[in-house]
Amino acid sequence: LNLINAYPDEDILEGIDGFVGTNSKEAGVMQGEWLVKNVPQGGNVGIMMGMLVHEAAQMRTKGIKEFLADKPQFKIVHEAEGSWDRNKGLQIAENWLQSDAKINIFACNHDEMAIGAVLACRSMGVKDEDVYILGVDGTSDGLEFLGSGLDMTLYQNPIVIGYESVNQLYKMLTKQPYEKIQWVSHELILPDNKADYQ
């Protein structure tokens, strides 16, 4: 039995033969790397999380928090569960913008919540150049907003995941050595290369 995409709990992992997918923690780390490179002055960060029962929400959040932990120019001032939802992302962003937190960085576990943050900024008259909004998943709607409020997102390549999964299964069936856990890296999507993903 081999699984793809959604990383299983440790007890399930022990009972399977292989896994192929993206590393959710890597997504958070890549958001942090983008911030350090593109926002060297730092800022106040709000993290919008998916449903906390999901491994992706837990690990994407952990990735960016750990990456920024030793970078004092970045201060994580708020975290909230947005449940992968655009409307919840909008509500959270509006609340944060109305607070005294002075958040100028929205690090979102998923594009839909990031779009919510974009719409909240627009409705409250916050200029694109004054905030940084980060997504994950490279959704079709996310790509529409990329460069128009959304600054970056990440792509999980299903073709590569599928190919590597079949390759892993083939090795299992033919008794060849293989890596039980095989990660497929996220791909960084920016306004200048988004056409490659549309």
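In what follows, the accompanying structure is described. (Residues numbered from 1 in each chain as written. Predicted model: local features only at pLDDT ≥ 70, side-chain atom pairs only at ≥ 80, totals over all residues. Heavy atoms only, no water.)

**Details of helix α4 (residues 86-98)**
Then, number 1: Its 13 residues place the ends of α4 18 Å apart at the C-alpha level, agreeing with the 18 Å of an ideal helix rising 1.5 Å per residue.
Then, number 2: Among the residues making up α4, those that are buried are Gly89, Ile92, Ala93 and Trp96. Along α4, the residues classed as buried sweep out an arc of 100 degrees about the axis, all on the same side. In this structure, α4 carries Asn87 and Gln98 as exposed residues pointing more than 90 degrees from its buried face.
Then, number 3: In this structure, the buried side of α4 is in contact with β3 (43-49), β4 (74-81), β5 (105-108) and α5 (111-123).
Then, number 4: Measuring from the backbone nitrogen of Asn87 back to the side-chain oxygen at the start of α4 gives 3.1 Å, which picks out Asp85 as the cap. (Helix = DSSP H or I, 4+ residues; strand = E, 2+ residues; numbered from the N terminus. Expected span 1.5 Å × (residues − 1). Buried < 20%, exposed > 50% of the residue type's maximum accessible area, 1.4 Å probe, protein only. Arc of directions from axis to C-beta. Contact = heavy atoms within 4.5 Å. Polar contact = N/O pair within 3.5 Å; in protein donor to acceptor, adjacent residues only side chain to side chain.)

**Considering a negative patch on the surface**
Then, number 1: Negative charge collects at one region of the surface, where Asp9, Glu10, Asp11 and Glu14 lie side by side.
Then, number 2: With respect to the helices and strands, Glu14 occurs in the loop between α1 (10-13) and β2 (18-21). (Patch = residues over 30% accessible without salt bridge, like charges linked within 9 Å, V, L, I, M, F, W, Y side chains within 5 Å. Areas by Shrake-Rupley, 256 points an atom, 1.4 Å probe, with all protein chains shown as cover. Salt bridge = Lys/Arg side-chain N within 4 Å of Asp/Glu carboxyl O. Lys, Arg positive; Asp, Glu negative; His and termini not counted. Charge placed at Lys NZ, Arg CZ, Asp CG, Glu CD.)

**A look at the sheet that holds β3**
Then, number 1: In spatial order, the strands read β4-β3-β5-β6; together these four strands make up an open sheet with parallel pairing. Every interior strand has two partners, whereas the edge strands, β4 and β6 (132-134), have only one. Taken over all neighbouring pairs, the strand axes of this sheet differ in orientation by 15 degrees on average, direction set aside.
Then, number 2: With four bridges connecting them, β3 and β5 associate as parallel partners. If you follow Ile47 over to β5, its bridge partner there is Ala107.
Then, number 3: Packed onto the sheet, α5 meets β3, β5 and β6 and runs at close to 160 degrees relative to β6. (Pairing = 2+ DSSP bridges. Axes fitted to C-alpha atoms, helices over the stretch in contact; angles between N-to-C directions.)

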